[in-house]
Amino acid sequence: MSKFKKRDGGNVVIEHYLGDLESIAKSVGFIERESEHFSAEGFLRSLFRSLEDGKASLRKLASRMATINNNSLSKQALWKRIKKDSCPDFLQAVLDKVNGQQTPENLSPRNSKCKRLIVQDSTQIRSHKKNHKHYAGTSNKSTRISCAKIDLTMNFLTNDILLIQESNGKEQDRTLGRNLLPLLEKGDMKIRDLGYSALESFKYAEGIEALWMSRLHGQIKVWIEDGNTLESLLSTTLKSTLDIHVRITAHGHTCRLVAVRCSKETVDRRRAKRKEKGDTKRRKRRSNGDLREQWSLYITNIPEEQLSTHEVISFYEQRWAIEITFRALKGASNMQKAMRSPTNKNHLQLILKAAQILALLTSKVQAVVAAHHSIERCKLSIEKFMDWMLSCLSQLDSMNIAYPYRLRELSHEVRIKGKTLAQRRIGHLKCLG
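Residue numbering note: each chain is counted from 1, following its sequence as written. Thresholds applied to this predicted model are a pLDDT of at least 70 for local features of residues and 80 or more for the giving and counting of side-chain atom pairs; totals over whole chains, interfaces and linings are not thresholded and use all residues. Only hydrogens and water are set aside; all other atoms, that is, all heavy atoms of the structure, feed into the side-chain values.

A carboxyl oxygen of Asp or Glu within 4 Å of a side-chain nitrogen of Lys or Arg is what we treat as a salt bridge. According to the stated counting rule, one finds 17 salt bridges in the structure shown. Among the ionic pairs, Lys 115 bridges to Glu 185, the shortest N-O distance being 2.4 Å. Placement of the pair is Lys 115 in the loop between helix 6 (87–99) and strand 2 (117–127) and Glu 185 in the loop between helix 7 (173–177) and strand 5 (189–192), with a sequence separation of 70 residues. Note that Arg 116 is salt-bridged to Asp 188, the shortest N-O span being 2.6 Å. Of this pair, Arg 116 sits in the loop between helix 6 and strand 2 while Asp 188 sits in the loop between helix 7 and strand 5, and the two are 72 residues apart along the sequence. Asp 188 matches Arg 116 in its accessibility class, with the two residues each being buried. The numbering of helices and of strands both runs from the N terminus, where a helix is a DSSP run of H or I of at least 4 residues and a strand a run of E of at least 2. In this scheme, a residue with accessible area under 20% of its type's maximum is buried, one over 50% is exposed, and one in between is partly exposed, where area comes from a 1.4 Å probe on protein chains only.

Attention now goes to the environment of Ser 46. Examined against the element boundaries, Ser 46 turns out to sit in helix 3 (residues 40–53). Here the alpha-carbon distance between Ser 46 and Leu 61, two residues 15 residues apart in the chain, equals 5.8 Å. Note on contacts: a residue pair qualifies if any of its non-hydrogen atoms lie within 4.5 Å across the two residues. Apart from the residues within four sequence positions on either side, Ser 46 is in contact with Leu 61, Arg 64, Met 65 and Ile 68. Under the rule applied, a polar contact is a pair of N or O atoms within 3.5 Å (in protein, one hydrogen donor and one hydrogen acceptor; residues adjacent in sequence only if both atoms are side-chain atoms). Among the polar contacts made by the side chain of Ser 46, one reaches the main-chain carbonyl oxygen of Phe 43 at a distance of 2.6 Å.

What follows concerns the side chain of Ser 146. By the secondary structure assignment, Ser 146 is in strand 3 (residues 146–155). A residue is classified by how much of its surface remains accessible, and Ser 146, at 1% relative accessible area, is buried. At a separation of 3.5 Å, a polar atom in the side chain of Ser 146 contacts the main-chain carbonyl oxygen of His 128. Engagement of the side chain of Ser 146 in a polar contact is seen with the backbone oxygen of Tyr 135, the distance being 2.9 Å. Once residues lying within four places of it in the same chain are set aside, the contact partners of Ser 146 are Ile 125, Arg 126, Ser 127, His 128, Lys 129, Asn 131, His 132, Tyr 135 and Gly 137.

With that settled, the discussion passes to the sheet that holds strand 9 (residues 253–261). Pairing in this open sheet of 9 strands is mixed, and the strands run 4-3-2-5-6-10-9-8-7 from one edge to the other. Here the strands that pair on one side only, and so sit at the sheet edges, are strand 4 (160–168) and strand 7 (222–223). At least two DSSP bridges between two strands are needed for those strands to be called paired. Bridge count between strand 6 (residues 211–215) and strand 10 (residues 295–300): 3 bridges; the pairing is antiparallel. Within strand 10, the position partnered with Met 213 by the bridge is Thr 300. Across the sheet, helix 12 (residues 309–316) touches strand 5, strand 6, strand 8 (241–248), strand 9 and strand 10, and the angle it forms with strand 9 is around 85 degrees. Strand contacts of helix 15 (residues 345–372): strand 2, strand 3 and strand 4, with the helix running at about 170 degrees to strand 4, the strand carrying the most contacts. Only the stretch in contact is used when a helix axis is fitted, and all axes are lines through C-alpha atoms; the angle between N-to-C directions ranges over 0 to 180 degrees.

Before going further, it helps to examine the confidence of the model for the protein chain. Looking at the protein chain, pLDDT values average 83 and 88% of them are 70 or higher. In this model residues 280–286 is a low-confidence stretch, pLDDT under 50, and it forms 5 contacts with partners more than four residues away in sequence or in other chains. What pLDDT reports is the predictor's confidence in each residue, on a scale of 0 through 100. Ignoring residues within four places in sequence, the model shows residues 414–433, a span with pLDDT below 50, making 38 contacts including any to other chains.

Another aspect to go through is the packing of aromatic side chains. Aromatic rings from Phe, Tyr and Trp, taking only the six-membered ring of Trp, are treated as a pair when their centres fall within 6.5 Å; an angle between ring planes under 30 degrees marks them as stacked, one over 60 as edge-to-face, and anything in between as tilted. Across all of its chains, the model carries 9 aromatic pairs by this definition. Both rings, one in Phe 38 and one in Phe 43, keep their centres 6.2 Å apart while their planes meet at 50 degrees; by these two values the pair is tilted. Taking the relative accessible area as the measure of exposure, Phe 38 reaches 7% and is therefore buried. For Phe 43, a relative accessible area of 1% gives the class buried. Both rings, one in Phe 385 and one in Trp 388, keep their centres 5.4 Å apart while their planes meet at 75 degrees; by these two values the pair is edge-to-face. Taken as a pair, Phe 385 and Trp 388 lie in helix 16 (residues 382–395) at a separation of 3 residues, close to a single helical turn. For Phe 385, a relative accessible area of 0% translates into the label buried. A network of ring pairs unites the aromatic residues Phe 30, Phe 38, Phe 43 and Phe 90 as a single cluster. The ring of Trp 320 carries the charged tip of Arg 319 above its face, separated from the ring centre by 5.5 Å. It is Lys 345 that lies over the ring of Tyr 135; its NZ or CZ is 5.9 Å from the centre. To sit over a ring, a charge needs its Lys NZ or Arg CZ within 6 Å of the ring centre and within 35 degrees of the ring normal.

With that out of the way, let us pick up the nonpolar core. The set of buried Ala, Val, Leu, Ile, Met, Phe, Trp, Tyr and Cys residues whose side-chain atoms join them within 4.5 Å is what this entry labels a nonpolar core. Leu 18, Phe 43 and Trp 388 are the most contacted members of the largest nonpolar core, which totals 97 residues. Element by element, the count of residues in this core is highest for helix 15, at 14 residues. If we skip the residues at most four places from it in the chain, Trp 388 touches Val 12, Val 365, Tyr 403, Pro 404, Tyr 405 and Leu 410.

Contact pair helix 3 / helix 15: the axes reach a minimum separation of 10 Å and the direction vectors enclose 90 degrees. With respect to helix 15, the element helix 3 is oriented roughly perpendicular. Every residue of helix 15 that contacts helix 3 at Phe 43, Leu 44, Leu 47, Phe 48 and Leu 51 is listed here: Leu 350, Ile 351, Ala 354, Ala 355, Ile 357 and Leu 358. Nonpolar residues are Ala, Val, Leu, Ile, Met, Phe, Trp, Tyr, Cys and Pro. Charged residues are Asp, Glu, Lys and Arg, and all others, Gly as well, are polar. Residue composition of the contact of helix 3 with helix 15, grouped by class: 11 nonpolar, no polar and no charged. Working definition: roughly parallel below 35 degrees, roughly antiparallel above 145 degrees, roughly perpendicular at 65 to 115 degrees, and oblique for all remaining angles.

On to the pairing of strand 2, then. For strand 2, a buried count of 9 out of 11 residues is recorded, marking the element as mostly surrounded by other parts of the structure. Here strand 2 pairs with strand 5 via 4 bridges, running parallel. Bridge pairing in strand 5 links Leu 117 to Met 189. Relative to strand 3, strand 2 runs antiparallel, the two being bridged by 10 bridges. Note that in strand 3 the partner of Ser 127 across the bridge is Ser 146.

Right under this line is the structure:
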């Protein structure tokens, strides 16, 4: 059971985070013709309602706006009152407004070993195949796939979202990873999956005295100190854990490698997944690839004095915090259903931008609630919080109404290996201090 009492809670006014929507709409030229039948707030609220139930057709948006404003509005009348090309600009301006809200300083632990623990990852949302020309996914010659990608960058120490962006599904993570580089600062630690692995990003981080950690990409060549390949060491060692210095790529870039031998179940699962994808044409797969599949391989520039072998592994596991955020976003909303109809690019962007606003707004409000009650933010379930936030946005009669919350309804007490998720995450934060 939760330790919070029934009376523990408060109120949240959404308007404080979104700002003056009418002024934002005018600043980007979103409203073509002013009318009592249309408002920027009503448009955004109708989008959130569509995000909640997955019914996001233009006719449905117009019908919901008519209900919100207590009048009649057809789809044709809706398009006459707004500039179609400015719809994404309006939502992007709202997104920037929410992102500009400062996170309470007391959420970041003092005397930590790094300034910020930055985690980056992405998720894909399938769309109707006829939307391929707007958001193309990875496909072959015989079939076309439409897929959009949302890329998220967050600070694990505060759970604050630093950057959120959308792109084509076939856009490589390595390309999206370049957008993070200008945000890096001295003392930061970035953790990213192997899809973001790029030597240029490693060198950039080291050039500004930042720390980095990544899984080892299967195509990156590795040599150990005696000049032999990594595979020669993995095939002969009897140890279950390795922590050595290596040289990667043809440039011979020096870094630290941590290797952990996987269980038989993990190896079988990896091989089954590769077989399912039909990955049989990769060169040297049967030798080097099969050998690496037996290990979890991490590369980093963090010295042993700062993080031990087991701490490196533990810190990389924190990348799952961003996976939970994606799961919360997809679980709370019906975004995937809303994307399944053939439509134009502006309409698809409305859905994607609304989902990004929901994720960013949830992060900001969660931070303020945690700071207000002086509790660790990780004690609040991001999934329950996003459910609550979407219900606020879709049910409120106005954005300036105070919406109540109860901490008992927003906290989680799921036990894993004798500890709650909150206790496990608090332990990782103490490990930083």
